[in-house]
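A closer look at the structure
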Amino acid sequence: MNKNPEKVILLGHGSGGKLSHDLIRDIFVKYFHNKILSEQTDSACLPGAGEEIAFTTDSYVVDPIFFPGGNIGKLAVCGTVNDLAVSGAIPQYLSASFIIEEGFSMKDLEKIVSTMAEESRKAGVKIVTGDTKVINKGKCDKLFINTSGVGYLSREHHPISAGSKIAPGDKIIVSGSVGDHGVAVLSARENMSFSVNLKSDCASLNKMIWSALNISTGIRFMRDATRGGLATVLCEISETRRLGIEIDEENIPVKSSVQSACEIFGYDPLYMANEGKVVMVVDPADADKVLDTLRQDTLGKQASIIGEITEKHPAKVILKTGIGGRRIVDMLTGEQLPRIC
Amino acid sequence: MKYITEFRSKEIVSRLADQIRYISKRPVRFMEVCGGHTMAIRKFGIPSLLPDNIDLLSGPGCPVCVSSNLFIDKAVAYSRLDDVIITTFGDLIRIPGSTSSLDNEKANGSDVRMVYSTLDALNVARKNPDKKVIFLGIGFETTAPTSAIAILKANAENLENFFLYSSHKVMPPAMEALIDEGVNLNGYIAPGHVSAITGSGIYKLIPDKFGLGCVISGFEPVDLLQSIYMLVRQYETNSPKVEIQYKRVVTPEGNVKAQAIMNEVFELRDDWWRGLGILRNSGFGLRKKYERFDAEKMLDVEVEVTVEPKGCICGEILKGVKKPSDCKLFGEPCSPANPVGACMVSNEGSCHAYYRYNE
């Protein structure tokens, strides 16, 4: 057999972990290279007259498409709204493209689209353009959705998306319990013989984020902790800023149902996906103020300061474990896999 | 009682750590045999809580790591057959064989499916009567009964398209071989879930013949520290014996029903272990009466020449002779994204645990 088999795309390349980062660097950024893209932020910041424009896109391929707490359409709106919001922008307009498998239920499609309409209303955005493609049966899995979004970005918030002002001593805030979405989706898969009383946290965070930005000029960075979970966001921050991060396991909110499901499968909640949680890096002087503001929002009731940026151990994330031990937190290579025993 | 928070109590952990420090006088080396223990020890940062005179080594308890590359190579070869569906626990999918992995074969069109139990694998077989469905049976006495029950069900249903490719192994021969080889050890943290099936009797030779202590441990921080405390106490008082710390799960006689199912389906055979070579009666093969479900007997396939990775010291690491950080390949070029040996891929592999959690 061929000793050097041709490299192919593996599922892990889409997991948001190390393989995804390598793929983006070695293929996409290599060929598309330009100044805006090389920032590699959640939204691209486009120069405009006076105010700037933030621009982002994302594709949604969740399985199953309906899950406790939402469906693929809700995700497609919230995800893109959140990508804009964490860049410090005010989301305005979305596009929506549908890739639909032949034979897909019209009723389900309508349900999904009406959820998208409802969620856009809640988030205060308009879906203003779209596209539809239908693919032969078996050539795609039910329904894929792509949404793009634009929002206004004031100059004072421009540095947020790249986190260029992150400094040692800054506090790290997470807006609520981690891993809810990952476990909720897992529990909805048909081959899973367990059930949890848990809903996906899928939600548009733009209003909560905006109220935090309104009371503080000390928010240095934000990211929504989606695929790859909280751990991946922290690893990304420490790696790109070449700073260390110390977090305290005791202060990271995890629902007991999420914890239990993770124990059974050998997953780590820190790596489980979220769809309604923002991670903020905040000037220590403003941290309590921002925390209070987040907690006043129903989506941020369990917000918590989980750690801080440090000059020690650059590019490493260290977790103080709940029992007082210490260990590093590294980016995942591919998807989390359940253990053998 | 939630069975998680209580066993992760900072106060109890710190009290246990104090007591260990108090009674531990001499340098000791304990081996945690089970990969699940290795992972828990690293994940909770247990070594940072222990005095310097206590050294923890990881042992040959990661099922994938101790299996030969041949196991993956053959699974890869099976997966390339047109009429075969491979069903497996997720952990095996990324393990590199000599030149490929199941992950790679899946991307190239092979039908490789991750299942959460052997009963899911049976379902795949029922739903695909025109395909041969092979389940990759890996693991020790913990998972062997689940493979065995699948065989019994397949037999009862006369399911003709279900096959087991067994790499199941049993733990005690490896634990004894390590001491025989002269690995410097003062006691074993014995596997919790293996013992839940087998009971504690299987370790009898370890104190009786080799004079080493053996404590069957749970997987939470309090479990592990209490087990270490018990081992230190045995060592300092020179009274090696088999003790059960994990009493909420393990009984001396074990799970008799599971043992009976295992015995019905499997027989012991000599098996190859990475780092230890061929050990007598250390693996489970299907008994002749269930031969028709034995992938190796029923499905002929040509397997590439097995190549073990160059420079990889997995074997020495599994024996506890070396630590992952002693390996020249550790970190660069061998990492979870680009693994050279199985120990870097498997969730229970010691290289993976060190890479992921060590400062």
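Computed from a predicted model, the values in this text were never measured in an experiment.

1. As for the overall build of chain B
Per the secondary structure count, chain B includes 15 helices and eleven strands. When its C-alpha atoms are laid out on the principal axes, chain B stretches across 65 × 45 × 40 Å. By residue count, 62% of the 359 residues in chain B fall in the buried class. Within chain B, contacts between residues at least 6 apart in sequence are counted, and of these 77% link residues at least 24 apart. Chain B carries 42 positive and 43 negative side-chain charges, and their two centres are separated by 4 Å.

2. Comments concerning the state of the cysteines
All names here are of chain B. For the structure on display, the rule yields one disulfide over all chains. Note that cysteine 62 is cross-linked by a disulfide to cysteine 65, the S-S spacing being 2.2 Å. For the disulfide bridge between cysteine 62 and cysteine 65, the dihedral angle about the S-S bond is near 65°, and by the sign convention the bridge is right-handed. On the accessibility criterion, cysteine 62 (2% relative accessible area) is buried. The cysteine cysteine 312 is free of any disulfide, with cysteine 314 supplying the nearest cysteine sulfur at 3.4 Å.

3. So, the environment of A:Val134
All names here are of chain A. The topology assignment puts valine 134 in strand S6 (residues 126-135). For the pair valine 134 and glutamate 102, spaced 32 residues apart in sequence, the C-alpha separation works out to 6.0 Å. Valine 134 has contacts with Ile100, Glu101 and Glu102, leaving out every residue within four places of it along the chain.

4. Let's talk about helix H6 (residues 118-127) of chain B
The periodicity of an α-helix, 3.6 residues per turn, causes residues three or four positions apart to be oriented the same way. Three or more residues of H6(B) are buried, namely B:Thr118, B:Asp120, B:Ala121, B:Leu122, B:Val124 and B:Ala125. Against the buried residues of H6(B) lie strand S3 (84-88), strand S4 (111-114), strand S5 (132-137), helix H7 (144-157) and strand S6 (162-166) of chain B.

5. Remarks on helix H12 (residues 256-265) of chain B
All names here are of chain B. Those residues of H12 not exposed but buried are Ala258, Ile261, Met262 and Val265. When H12 is viewed along its axis, its buried side chains cluster within an angular range of 100° and face the same direction. Packing partners of the buried residues in H12 comprise H7, helix H9 (192-198), strand S10 (266-273) and strand S11 (277-286). For H12, the N-terminal cap is asparagine 255; the gap from its side-chain oxygen to the backbone nitrogen of lysine 257 is 3.2 Å.

6. A short note on the domain arrangement of chain A
All names here are of chain A. We note that the domain assignment places domain 1 (41-156) and domain 2 (163-329) within chain A. In this assembly, 25 residues from domain 1 lie in contact with 23 residues from domain 2. Buried surface at the junction of domain 1 and domain 2, both sides included, amounts to about 1900 Å², of which 59% is carbon and sulfur. Of all residues in domain 1, Pro68, Asn82 and Val86 give up the largest surface area on contact with domain 2, accounting jointly for 28% of the area buried on that side. Linking domain 1 with domain 2 are two salt bridges, by the criterion used here. Across the salt bridge formed by aspartate 42 and arginine 223, the nearest N and O atoms sit 2.9 Å from each other. At the surface where domain 1 touches domain 2, the tally comes to nine residue pairs in polar contact (both at pLDDT 80 or more).

7. Here's the deal with the sheet that holds strand S1 (residues 44-46) of chain A
Residues and elements named next belong to chain A. The strand order S1-S2-S7-S5-S6 describes an open sheet built from five strands, whose pairing is mixed. This sheet does not close on itself; its edge strands, each paired only once, are S1 and S6. Along the sheet, successive strands turn relative to each other by an average axial angle of 20°, direction set aside. Pairing of strand S2 (residues 52-60) with strand S7 (residues 143-153), which is carried by nine bridges, proceeds in the antiparallel orientation. When the bridges of S7 are listed, threonine 56 appears paired with glycine 149.

8. Observations concerning the interface of chain A and chain B
Listed as interface residues are 42 residues of chain A and, on the opposing side, 45 residues of chain B. For the pairing of chain A and chain B, the buried interface totals around 3700 Å² over both sides, and the portion due to carbon and sulfur atoms is 58%. On the surface where chain A and chain B come into contact, there are two salt bridges. Note that B:Arg8 is salt-bridged to A:Glu263, the shortest N-O span being 2.6 Å. The interface formed by chain A and chain B includes seven residue pairs in polar contact (both at pLDDT 80 or more). Looking at the side of chain A that touches chain B, the elements with two or more residues in it are helix H1 (18-32), helix H8 (256-265) and strand S14 (326-329) of chain A. Broken down by element, the side of chain A that touches chain B gets its largest block of residues, five residues, from H8(A).

9. Remarks on unusual backbone geometry
In this model, A:Asp63 is joined to A:Pro64 through a cis peptide bond whose omega is 5°. Positionally, A:Pro64 belongs in the loop between S2 and strand S3 (66-67). The peptide bond linking B:Glu332 to B:Pro333 adopts the cis configuration, its omega dihedral lying at 5°. Residue position: B:Pro333 is located in the loop between helix H14 (314-318) and helix H15 (350-357). Its identity as a non-glycine residue notwithstanding, A:His313 has a phi of 35°, on the positive side. With respect to the secondary-structure elements, A:His313 resides in the loop between strand S12 (304-310) and strand S13 (317-320). Phi at B:Asn281 is positive, roughly 50°, even though this residue is not glycine. With respect to the helices, strands and loops of the structure, B:Asn281 is situated in strand S11. B:Asn281 sits in the partly exposed class, given a relative accessible area of 33%.

10. So, the environment of B:Glu348
As for its placement among the helices and strands, B:Glu348 is situated in the loop between H14 and H15. Looking at B:Glu348, the relative accessible area reads 3%, which means it is buried.

11. Concerning the packing of H7(B) against H12(B)
All names here are of chain B. At a closest axis distance of 9 Å, the pairing of H7 and H12 adopts a crossing angle of 60°. As H7 runs across H12, the sense of the crossing is left-handed. Mapping the contact onto sequence places Ala144, Pro145, Ala148, Ile149, Ile151 and Leu152 in H7 and Ala258, Ile261, Met262, Glu264 and Val265 in H12. For the contact of H7 with H12, the residue count by class is ten nonpolar, no polar and one charged.

12. Remarks on the pattern of salt bridges
The tally for this structure, following the rule as stated, stands at 44 salt bridges over all chains. Linking B:Lys297 and B:Asp294 is a salt bridge whose minimum nitrogen-to-oxygen distance equals 3.8 Å. Among the residues examined, B:Asp294 registers a relative accessible area of 5% and is labelled buried. Put simply, A:Asp180, A:Asp201, A:Lys255 and A:Lys277 are held in one network by salt bridges that share partners.

Quick notes on the rules
- Residues numbered from 1 in each chain as written.
- Chains lettered and ligands numbered in written order.
- Predicted model: local features only at pLDDT ≥ 70, side-chain atom pairs only at ≥ 80, totals over all residues.
- Heavy atoms only, no water.
- Helix = DSSP H or I, 4+ residues; strand = E, 2+ residues; numbered from the N terminus.
- Buried < 20%, exposed > 50% of the residue type's maximum accessible area, 1.4 Å probe, protein only.
- Contact = heavy atoms within 4.5 Å.
- Lys, Arg positive; Asp, Glu negative; His and termini not counted.
- Charge placed at Lys NZ, Arg CZ, Asp CG, Glu CD.
- Disulfide = S-S within 2.5 Å.
- Arc of directions from axis to C-beta.
- Polar contact = N/O pair within 3.5 Å; in protein donor to acceptor, adjacent residues only side chain to side chain.
- Domains from an automatic or database assignment.
- Buried area = accessible area lost by both parts, 1.4 Å probe.
- Salt bridge = Lys/Arg side-chain N within 4 Å of Asp/Glu carboxyl O.
- Pairing = 2+ DSSP bridges.
- Axes fitted to C-alpha atoms, helices over the stretch in contact; angles between N-to-C directions.
- Left-handed = near helix turned anticlockwise from the far one by under 90°.
- Nonpolar A, V, L, I, M, F, W, Y, C, P; charged D, E, K, R; others polar.

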